[in-house]
Amino acid sequence: MKETISLIGINSKFIHTNLAIRYLKSYCHSEINEISIIELSINDHFDDALKKLYLNGGNILAFSCYIWNIDYVLKLCASIKKLKKDIVIILGGPEVSFDADEIMKNNPFINYIIRDEGEKTFLELSNYLNRINAKVDEINGLTYRDNNNIISNPPRRLISNLDEIPFPYEDLETLKNKIIYYETTRGCPFNCQYCLSSTINGVRFFSLERVKNDLNIFIQNGVKQVKLVDRTFNCKKDHAINIVKYIISKKSKTNFHFEISADLLDDEFISLLNSAPLGMFQLEIGVQSTNLNTLNEIQRNTNLDRLYENINKLLKPNNMHIHLDLIAGLPYEDFNSFAKSFNDVYLLKPHMLQLGFLKLLKGSGIRNKVKDYSIEFNSHAPYEILNSKWIHHDEMLILKDVEKLLENYYNSGKFNNAVNYIIKNYYNDPFSFYT
């Protein structure tokens, strides 16, 4: 008798979708049909989520784990295991890939952890659990229990030809009011020390033909927004510019969100983006800091002059939503330095300025150097910084208030004229107003 498998995605918001579990299902489709998808949100009442898994979940539950849902996932797993003692629990995703042995040791209800890229490992494990493959010790990328021992098999090699992964969305009709996540690449050419992409070398690309076919499916189905999870969409100009040209040619009403490195853009690419119809594209640009010592320490090579120039060019036609990011708490960024970074970016006048706080992600370069930086951070996910040798917690609390005010007064777009007038006439700079 074949086991029934449920892939569980617990999203940060109801409108989000989980790309990872859909990849797993699509990759296994030709060999295993008994796979269902269950999506929940961390905002769902715990008892309701547990009820859904108890009544609708399969004999095998596989959870996609991230910093925003790991606590919720572990609580659900512990409870469902008490109700169904024979159920098999699998975890996968970035939040369990770097300390799988420790997680299994501390959580005895977990049977397996899939480390890093999961498609092939999940397929082989599913076949093993369905008694098609009897050698669990040959499944690379897997951590599992062998009686009282925890075994971690060798790591798995990354998939070289991404086109072998089937299109992940078979249920677009049921997702019309949700954000669709998609990728045209895996990996990142950069080595930013706060980011998990720095742990994997190189970038792999889906073929342009494949990407165009996939994007056309979204467009034909009237998807409202497609958010690309590519770490740096424009890391390879030809790849990115061909995709943008294709989308423009389709005269789509679908909005496409890209995360880009603005200082890599040239005039040809900027001109193309500026020619797009109103609302077709949304660009997210991670500035993070304008402190050169900080950028050097986190290995983020940014030409700031070119960055400012290109952002101004992108903003000029006002045909795209431009979203800029800053991170508070980075090495060498003290309170006064952050004030300068804030003012530098604020004065560019993006449509949205997001102030985030450093997360000490498992496996990241910064987390490995917390002693050198005298960083204190929360021991629970999302591992947010508390203080460091450069910034005191009292100052971080001020920045927390700045974040709230920024959301309410700047990003809401409701008070632009009033705020601009007050800053111009009563404050030396924007940061002074928000503090």
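Relevant structure appears above.
Residues numbered from 1 in each chain as written. Predicted model: local features only at pLDDT ≥ 70, side-chain atom pairs only at ≥ 80, totals over all residues. Heavy atoms only, no water.

### Focus on the pattern of salt bridges
Taken as a whole and judged by the stated rule, the model has 22 salt bridges. With its nearest N and O atoms 3.2 Å apart, the salt bridge here joins Arg 22 to Asp 171. Of this pair, Arg 22 sits in helix H1 (residues 19-28) while Asp 171 sits in the loop between strand E7 (149-152) and strand E8 (180-182), and the two are 149 residues apart along the sequence. When its relative accessible area of 2% is taken as the criterion, Arg 22 is described as buried. (Salt bridge = Lys/Arg side-chain N within 4 Å of Asp/Glu carboxyl O. Helix = DSSP H or I, 4+ residues; strand = E, 2+ residues; numbered from the N terminus. Buried < 20%, exposed > 50% of the residue type's maximum accessible area, 1.4 Å probe, protein only.)

### Quick word on a nonpolar patch on the surface
A grouping of Tyr 421, Ile 422, Tyr 426 and Tyr 427 is seen on the molecular surface, where their side chains present a nonpolar patch of about 440 Å² in accessible area. Along the chain, the position of Tyr 421 falls in helix H14 (residues 416-426). (Patch = residues over 30% accessible without salt bridge, like charges linked within 9 Å, V, L, I, M, F, W, Y side chains within 5 Å. Areas by Shrake-Rupley, 256 points an atom, 1.4 Å probe, with all protein chains shown as cover.)

### A closer look at the pairing of strand E14 (residues 321-328)
The element E14 is largely enclosed, with a buried count of seven among its eight residues. As paired strands, strand E13 (residues 281-288) and E14 are joined by six bridges and run parallel to one another. Within the sheet, the bridge partner assigned to Gln 288 lies in E14 and is Leu 326. When E14 meets strand E15 (residues 352-357), the two strands line up parallel, connected through six bridges. Across the sheet, residue Leu 324 finds its bridge partner in E15, namely Leu 353. (Pairing = 2+ DSSP bridges.)

### Side note on the nonpolar core
Counting residues in hydrophobic clusters, the biggest one holds 141 residues, and the most contacted among them are Phe 63, Leu 91 and Phe 281. In contact with Leu 91, not counting residues within four places along its chain, are Phe 63, Cys 65, Val 73, Leu 74, Cys 77, Val 96, Ile 110, Tyr 112, Ile 113 and Ile 114. (Core = buried A, V, L, I, M, F, W, Y, C linked by side-chain atoms within 4.5 Å. Contact = heavy atoms within 4.5 Å.)

### Remarks on the pairing of strand E6 (residues 142-146)
By the bridge criterion, three bridges tie strand E5 (residues 112-114) to E6 in an arrangement that is antiparallel. What sits directly across from Tyr 112, in E6, is Tyr 144. When E6 meets E7, the two strands line up antiparallel, connected through four bridges. Of the residues in E7, the one forming a bridge with Asp 146 is Asn 149. Turn length for the E6-E7 hairpin, with the two strands adjacent in sequence and antiparallel, is two residues, and the turn residue Asn 147 shows positive phi of about 60°.

### Structural notes on the sheet that holds strand E2 (residues 35-41)
Strand order across the open sheet formed by seven strands is E2-E1-E3-E4-E5-E6-E7, with mixed pairing between neighbours. In the strand order of this sheet, the two ends are held by E2 and E7, each with one partner. Strand-to-strand twist in this sheet, taken as the mean axis angle between neighbours without regard to direction, amounts to 20°. Across three bridges, strand E4 (residues 88-92) lies against E5 in parallel orientation. Paired with Ile 90 across the strands is Tyr 112, a residue of E5. Across the sheet, helix H3 (residues 70-83) is in contact with strand E1 (5-11), E2, strand E3 (60-64) and E4; its angle to E4 comes to roughly 170°. (Axes fitted to C-alpha atoms, helices over the stretch in contact; angles between N-to-C directions.)

### Concerning the side chain of Asp 263
Structurally, the position occupied by Asp 263 is in the loop between strand E12 (255-260) and helix H8 (267-274). Buried within the structure, Asp 263 lacks any salt-bridge partner; Arg 300 is the closest side chain of opposite charge, at an N-O distance of 6.8 Å. Looking at Asp 263, its side chain comes within polar contact range of the side chain of Ser 261, at 2.8 Å. From its side chain, Asp 263 meets the backbone nitrogen of Asn 303 in a polar contact 3.1 Å long. Asp 263 has contacts with Asn 301, Thr 302, Asn 303, Arg 306, Leu 307 and Asn 310, leaving out every residue within four places of it along the chain. (Lys, Arg positive; Asp, Glu negative; His and termini not counted. Polar contact = N/O pair within 3.5 Å; in protein donor to acceptor, adjacent residues only side chain to side chain.)

### Digging into the sheet that holds E13
Judged by pairing direction, the sheet is parallel, and its six strands sit side by side in the order E8-E11-E12-E13-E14-E15 without closing on themselves. Strands with a single pairing partner mark the edges of an open sheet, and in this sheet they are E8 and E15. Geometrically, the sheet is characterised by an average inter-axis angle of 25° between neighbouring strands, direction not taken into account. Packing against the sheet, helix H6 (residues 208-220) makes contact with E8, strand E11 (225-228) and E12, and its axis sits at approximately 175° to E8. Seen against the sheet, helix H13 (residues 393-411) touches E14 and E15 and runs at an angle of roughly 160° to E15.

### Re helix H5 (residues 119-129)
The buried fraction of H5 is high, at eight of 11 residues. Directly after H5, the chain includes Arg 131, whose backbone phi takes a positive value near 65°.

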